[in-house]
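# Summary of structural features
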Amino acid sequence: MHEDMDPHSAPGREGHGRTWAKAILLGEHSVVYGHPAIAVALHDLRMEATATPITGPSHLASLGYSGPLASSPQGFACVARAFEAAREFAGRMDQSFAIATRSDFPHERGLGSSAAASGAIIRAVLDACGRSASAEELFALTQMAEQVAHGRPSGLDAAATCAPGPIRFQGGRMTPLSQRIEGACLVIADSGVHGSTRQAVEGLRARYEQDAQGIGALIGRLGELTTTAEVALDEGEAPALGAAMDQAHAILAELELSLPVLDRLTAAARGAGALGAKLTGGGLGGCIIALAGDPGAAGRIGSALRQAGAATTWTYRMRTSEIREAERWQ
Ligand code: MEV
């Protein structure tokens, strides 16, 4: 923004922040109950934020809302909280900003848009204020916003949307994972149905409280499958990872977190040669992921998914990573 052209612009520099969409490979929901989860940041699907110092009330343009930040509806309370948390952290509650986010992926589809938008806004505000923050501080600030969005989030989305490589997440702690599967791709397909993570998490909690033993056993099984997947990634065993994904989808469906459209899309992916397929994220809508052995298979699976009704598909090339490299957090 050029200062001469905007009567509301204020001195100071424009800040920028970037995060990414995330895909949970294994462990959504069970992570809320203390089990491990594995997720990757989808580095081709970016969320970018700018924070421009202005005079007058702060303005927000993010996730489909555009207007004064102070009167943003409840659905945008998480990004508004991210903004306030970052200003507080920077000690700049006196400075107003125009905040804008732009993303390559839709929101409310299990791809972590709320955590990604919050994380990008926090980074943009801190950048505009010339304030640096450690990875732990950025995580804690993003979690403040996520608590507004989801009540008691595990922290997985806040961690995964800024991770340089695959991560394992358990009990609030993230560790980088080694990934030795060569040439494989994840095909991500949007069902077109909005999912509400809060509703999915609260629904499962209610069922768990009614039948802690039965539901607890299924959740425990999801935790075991995550460990199987971690070994499969480390040993470069794509078929074993795919089998764990298929089993996890069946359990998530038993936990009433799937929908017929998600079952249909995962079946279409398997029919087109996927090594495994499952819903990803909160469920009850949103996206599925399918594991393809190579880019050619990913192309065939993507076409089959679109024919089966997917609104959009994306292909993510799985990059191998050694733990030593991945330990460089940004
Ligand atoms: C949502 O992306 C992941 C869930 O496990 C919720 C959470 O971890 O807080 C469903």
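Our structure's up above, just so we're on the same page.
Residues numbered from 1 in each chain as written. Predicted model: local features only at pLDDT ≥ 70, side-chain atom pairs only at ≥ 80, totals over all residues. Heavy atoms only, no water.

### Some remarks on the site of the ligand
Selection rule: Summary of the distance rule: residues count as near a molecule or strand when at least one heavy atom falls within 4 Å of that molecule or strand. Pairing of N or O atoms within 3.5 Å defines a polar contact, subject to two protein rules: one partner must be a possible hydrogen donor and the other a possible acceptor, and residues neighboring in sequence count only if both atoms are side-chain atoms. Only the protein chains shown count as cover for residues, with accessible areas throughout obtained via the Shrake-Rupley method and a probe of 1.4 Å.
The ligand sits among 13 residues. The nearest are Lys22, His29, Pro153, Ser154 and Asp157. At a separation of 2.6 Å, an oxygen atom of the ligand approaches a polar side-chain atom of Ser154. Asp157 is positioned with one of its side-chain polar atoms (N or O) 2.9 Å from an oxygen atom of the ligand. Protein chains bury 96% of the 300 Å² of accessible surface belonging to the ligand in isolation.

### Some points on the pairing of strand S10 (residues 287-292)
Test applied: The cut-offs for exposure are 20% and 50% of the maximum accessible area for each residue type, with area from a 1.4 Å probe on protein chains only; residues under the lower value are buried, those over the upper are exposed, and the others partly exposed. Each helix corresponds to a stretch of at least 4 residues labelled H or I by DSSP, and each strand to a stretch of at least 2 residues labelled E; elements are numbered beginning at the N terminus. Only when DSSP finds a minimum of two bridges between them are two strands counted as paired.
Burial of S10 is extensive: 6 of the 6 residues sit out of reach of the surface. Residue alternation in S10 divides its side chains into two sets, Cys287, Ile289 and Leu291 and Ile288, Ala290 and Ala292, and both sets are buried. Judged from the 6 bridges that link them, strand S8 (residues 185-190) and S10 form a sheet pairing that is antiparallel. Looking at the pairing, Asp190 lines up with Cys287 of S10. Bridge count for strand S9 (residues 276-280) against S10 is 5 bridges, and the pairing is antiparallel. Opposite Thr280, over in S10, you have Cys287 as the bridge partner. In this structure, the hairpin formed by S9 and S10 is closed by a connection of 6 residues, where Gly281 is found at a positive phi of approximately 90 degrees.

### Let's talk about the side chain of Ser58
We apply this condition: Note on definitions: a residue-residue contact is assigned when non-hydrogen atoms from the two residues lie within 4.5 Å.
On the secondary structure map, Ser58 appears in the loop between strand S2 (37-54) and strand S3 (59-62). Given a relative accessible area of 10%, Ser58 falls into the buried group. Ser58 has contacts with Pro68, Leu69, Phe83, Arg87, Ser96 and Phe97, leaving out every residue within four places of it along the chain.

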